[in-house]
Amino acid sequence: MRYLIVGSGIAAVGAVEGIRRFDRRGEITVLDGEKRGVYTRPLISYYLSDPIHYADLSFRPDSFFRLNQVEMIKARGIKIDRRARILNLDSGMQLAYDRLLLACGASPVQPELSDLNQRWVSNFYTLEDVERLDMNIREGQEAVVTGAGLIGLKAAEALLKRGLRVTLVEKAQHILPQVLSPTAAARLGVYLEKAGIKIIAGDELAAVYPRHRIQLGSGTVLQSDQLIMAVGIRPNTELAFSAGLKVGKGIVVDRCLRTSDEYIFAAGDVIETPNLITSKREFMALLPHAHREGYLAGANMSGQTLFYRGGVAMNSVKLQGWSLFAAGIPKPGASRFYWQEDDKYLEIHHHQNCLQKFIAINLPEAAGPLLSIIETQLPIPEKMWQEYVEGYPTIANLPAPYRQKIWEGEKNDGIEC
C-alpha cells in the first residue's frame, strides 16, 4: 500500500501513527510544504518571547519519521489526478498513491487592504513569521496587533515580554469574542490592560500607509513600528476543490474521515468537524482534534473502520500568568450561573438538562471534568449546577451524576474524565 500525506503538521503525525498501528510495511510519503518539519504551531508565541529557551518547537523528535520508515519530501501538492491516482508537486515531481490524505492545514486571513506588503507588517501564524519578527523588533517599539482572538492575544503577550508597547485592536465589542462572554472578557481585559496591553474594542483596521501609519475604521490614526495581522484563519481547500472533491466551510468528510473520493481522506484544520453539541459541521482549528482526526484517518486508510464522532469547540491558554479554559457553545435561552473569587472565575451555561458551555479562569482543575460532561452531554439538572456554583466549585463538589459516572467507570476498569 502506498500512502501519501499532504502536509507535515499535527494531523500528519497522527496519520503516521494510525497507519503504523495497523500496517508496518506500507510505503508512507509525507509532503512538507512549509519545509520546516513538524513543529508545534501554538508555541510560536513562546519562541518570539524567548527564542533561546524555546528554540526547539518539535512536536515529535527528529527520529520519528525515520523510525516509522517515512519518506519526507519538501514540496507542495498542486494538482490531483483522481483517475490515475497521481499527485503533481510544485517541484515538478509526480507521486502515485493508493491512499491519499489531505492534511493541508489552514492559512491566515488577509484583509482586503493595500500597502500590506511592507517589512513592518506581518502575519503571526508560522515559524517563519515569528523568525522574521524576531529580527525586526526592538525594545521600546510601538506594536499594533489587529485581531483579539487567541492568536492575537498570544502575539500581544509575546511582544509585551520583548519590551514593546502593544495596542490590541478588535472589531467585536470585546476580546476573544468567539470564546468568552462579555462578562468574562471584561475581567480578562482589565487584567491585560494592567499588565500593559492597551485594548481598543469595537474598531478595526481600515488603512495602512507608508511611514508606519495605520488608520482605524473610527478614523483614529496610530503610529506603529510593527503591525501584526491576526484576524483569523481559513482552511486550505484549494487542492481539494480543484480536484472536484466536496467542499463546504472545509473539506467535507464522512465518519471515517473519507472525502467524496473513496481513495482520498482528509484531517486536521482543513476539514469540517461535526460539533458534538449542535450536530452541525464547523471549522475547528484545534490541535487535539487535528491529532485525533489524523490518527483515525490513518487507521482507516490502512483498512480499519474507526468512526470519528466529532469534537467540541474548546480553547485553553495561559496569558500573563492567568489560565483560561473555555469549551462548548452558548444556546439562546440557556440558564447561566456565575462564581468568582479574587482572580478566579467560573461561568456555566445550562440548557435542556445539559451543560452547553463553561468558561473557567484560573480554575484548571475543573476544566477536564467539565469538558467531559459537555462531550458526553451527561444529563444534570439545573438545580445541581446552581448548588455547584453557590459553593466552592472544586472537583469534589461536582454534581452527583458526574461522580456516579466516575464510579461506574472505576467498576469497569475505565475512568473517563
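Let me begin by describing the structure that accompanies this report. The numbering scheme is per chain: residues are counted from 1 as the chain's sequence reads. Where totals are concerned, whole chains, interfaces and linings use all residues; where local detail is concerned, this predicted model gives features only for residues with pLDDT of at least 70, and gives and counts side-chain atom pairs only at 80 or more. Where side-chain values are given, they derive from all heavy atoms of the structure, hydrogens and water being excluded.

**Quick notes on the pattern of salt bridges**
Thinking step 1. Any carboxyl oxygen of Asp or Glu that lies within 4 Å of a side-chain nitrogen of Lys or Arg is treated as forming a salt bridge with it. By the definition in use, this model includes 14 salt bridges.
Thinking step 2. Note that Arg2 is salt-bridged to Asp98, the shortest N-O span being 3.1 Å. Of this pair, Arg2 sits in strand E1 (residues 2-6) while Asp98 sits in the loop between strand E6 (94-96) and strand E7 (99-102), and the two are 96 residues apart along the sequence.
Thinking step 3. Of the residues examined, Asp98 reaches a relative accessible area of 18% and is grouped as buried.
Thinking step 4. Notably, a salt bridge pairs Arg60 with Glu17, separated by 3.0 Å at the nearest N-O pair. The way it works is that DSSP assigns letters per residue, a run of H or I at least four long becomes a helix, a run of E at least two long becomes a strand, and they are numbered from the N terminus. When accessible area is computed with a 1.4 Å probe and restricted to protein chains, residues below 20% of their type maximum are described as buried, those above 50% as exposed, and intermediate ones as partly exposed.

**What about the nonpolar core?**
Thinking step 1. Ranked by size, the top nonpolar core spans 48 residues in total, and within it Ile5, Ile80, Leu101 and Leu102 carry the most contacts.
Thinking step 2. With seven residues, helix H1 (residues 10-22) is the single largest residue contributor to this core.
Thinking step 3. Two residues qualify as a contact provided that any one of their heavy atoms is within 4.5 Å of a heavy atom in the partner residue. Non-local contacts of Leu101, meaning those with residues more than four positions away in its chain, are made with Leu4, Ile5, Val6, Ala15, Phe265, Ala266, Ala267, Ala297 and Met301.
Thinking step 4. Residues belong to one nonpolar core when they are buried, are Ala, Val, Leu, Ile, Met, Phe, Trp, Tyr or Cys, and are joined through side-chain atoms within 4.5 Å. Within the second largest apolar cluster, 42 residues are counted, among which are Ala148, Leu159, Ile228 and Val317.

**A word on the sheet that holds E6**
Hydrogen bonds between backbone atoms are what pair the strands of a sheet, whose relative direction is either parallel or antiparallel.
Thinking step 1. For two strands to be treated as a pair, DSSP must find no fewer than two bridges joining them. If you walk across this open sheet you meet the three strands as E4-E5-E6, and the pairing is antiparallel. Where the open sheet ends on each side, the last strands, each with one partner, are strand E4 (77-81) and E6. Pairwise comparison of adjacent strand axes, ignoring direction, gives a mean angle of 25° for this sheet.
Thinking step 2. Alignment of E4 against strand E5 (residues 86-89), held across four bridges, turns out to be antiparallel. Opposite Lys79, over in E5, you have Asn88 as the bridge partner. Axes here refer to lines fitted to C-alpha atoms; in helices the fit is confined to the stretch in contact. Angles between the N-to-C directions go from 0 to 180 degrees.

**Focus: the packing of aromatic side chains**
Thinking step 1. Any pair of Phe, Tyr and Trp rings, taking the six-membered ring for Trp, is counted once the centres come within 6.5 Å. Such a pair is stacked with planes under 30 degrees apart, edge-to-face with planes over 60 apart, and tilted for the rest. In this structure the tally under the stated criterion is six aromatic pairs.
Thinking step 2. Aromatic pair Tyr46 and Tyr54: ring centres 5.4 Å apart, planes at 40°, arrangement tilted.
Thinking step 3. Aromatic side chains Phe325 and Phe358 sit 5.8 Å apart centroid to centroid with 5° between the ring planes, which places their arrangement in the stacked category. Highlighted residues: Phe325 in strand E22 (residues 322-328) and Phe358 in strand E25 (residues 354-361), separated in sequence by 33 residues.
Thinking step 4. The class for Phe325 is buried, based on a relative accessible area of 17%.

**A word on the sheet that holds strand E2 (residues 27-31)**
Thinking step 1. Pairing is parallel across the open sheet formed by five strands, whose spatial order is E3-E2-E1-E7-E18. For this open sheet the edge positions go to strand E3 (70-73) and strand E18 (264-266), each flanked by a neighbour on one side alone. Neighbouring strand axes in the sheet, compared pairwise and without regard to direction, differ in orientation by 20° on average.
Thinking step 2. Judged from the four bridges that link them, E2 and E3 form a sheet pairing that is parallel. What sits directly across from Leu31, in E3, is Ile73.
Thinking step 3. Contacts between H1 and the sheet are confined to E1, E2, E3 and E7, with E1 contributing the most and set at about 165° to the helix.
Thinking step 4. Sitting on the sheet, helix H8 (residues 287-301) touches E1, E7 and E18, and the angle it makes with E7 is about 170°.

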